[in-house]
Amino acid sequence: MAIAGTAAMLALTAAPAQAAPGDVTTVCGSTLTPTGYVDVSWGYSSNCGTQSFSPNIKQIKQLTGLPVGTVLQACGTTYPPAGWVQTGSYYSSSCVAWSNPSLNNNAWQLKRVF
């Protein structure tokens, strides 16, 4: 995720209370991912208070309300919500959430089953 000072990155907020299914929001990495959301990308922003370039922001996606059969990609830094199952795992550079990453699987393919 390229963090090049875009206006969207400057407005880091908590997850919206009334997000629509599939909406993506950017929050500081120290923010707990709310129920019904998954992490979909990690990056860096000086707005989240660190002096290093370690990942400290994440994009989270609202899954509540997506139809049964939906397939999507998510970072392995959160568990799938109820009704979603992991159908695969792989490495994704956009899901690196630590400053000393490995090339181990860190992302999931998820499917809504109920």
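Residues numbered from 1 in each chain as written. Predicted model: local features only at pLDDT ≥ 70, side-chain atom pairs only at ≥ 80, totals over all residues. Heavy atoms only, no water.

Quick look at the sheet that holds strand β2 (residues 37-43)
Thought 1: Sheet architecture is open: three strands sit in the order β1-β3-β2, paired in antiparallel fashion. Each edge of the open sheet is held by one strand with a lone partner, namely β1 (24-28) and β2. Looking at each pair of strands side by side, their axes are set apart by 30 degrees on average, direction ignored.
Thought 2: Relative to strand β3 (residues 57-62), β2 runs antiparallel, the two sharing six bridges. The residue of β3 that forms the bridge with valine 38 is lysine 61. (Pairing = 2+ DSSP bridges. Helix = DSSP H or I, 4+ residues; strand = E, 2+ residues; numbered from the N terminus. Axes fitted to C-alpha atoms, helices over the stretch in contact; angles between N-to-C directions.)

Here's the deal with the sheet that holds strand β6 (residues 107-112)
Thought 1: Reading across from one edge, β4-β6-β5 is the order of the three strands in this open sheet, with antiparallel pairing throughout. Strand pairing shows two members of the sheet lacking a second neighbour, β4 (71-75) and β5 (84-90), which therefore form its edges. In this sheet, neighbouring strand axes are inclined to one another by 30 degrees on average, regardless of whether the strands run parallel or antiparallel.
Thought 2: One ladder, built from five bridges, connects β4 with β6; its direction is antiparallel. Across the sheet, residue valine 71 finds its bridge partner in β6, namely lysine 111.

Focus: the pattern of salt bridges
Charged atoms that come close allow side chains of opposite charge to pair.
Thought 1: If you walk through the whole model with that rule in mind, you get one salt bridge.
Thought 2: When the shortest N-O distance is used, the salt bridge between aspartate 39 and lysine 58 registers 3.8 Å. Pair noted here: aspartate 39 is in strand β2 and lysine 58 is in strand β3, with a separation of 19 residues, a long-range link.
Thought 3: Assessed through its relative accessible area of 1%, aspartate 39 is described here as buried.
Thought 4: Judged by its relative accessible area of 4%, lysine 58 is buried. (Salt bridge = Lys/Arg side-chain N within 4 Å of Asp/Glu carboxyl O. Buried < 20%, exposed > 50% of the residue type's maximum accessible area, 1.4 Å probe, protein only.)

Let's talk about the environment of valine 71
Thought 1: Take valine 71: it is sitting in strand β4.
Thought 2: It is 9.0 Å that separates the C-alpha atoms of valine 71 and threonine 87, two residues lying 16 residues apart in sequence.

Some remarks on the nonpolar core
Thought 1: Of all hydrophobic cores here, the largest spans nine residues; its members are Val38, Val40, Leu63, Leu66, Leu72, Ala74, Trp84, Trp108 and Leu110.
Thought 2: Looking at this core, the elements that each hand over two or more residues are β2, β4 and β6.
Thought 3: Counting residues in each nonpolar core, the second largest holds five residues, with Trp42, Cys75, Ala97 and Ala107 among its members. (Core = buried A, V, L, I, M, F, W, Y, C linked by side-chain atoms within 4.5 Å.)

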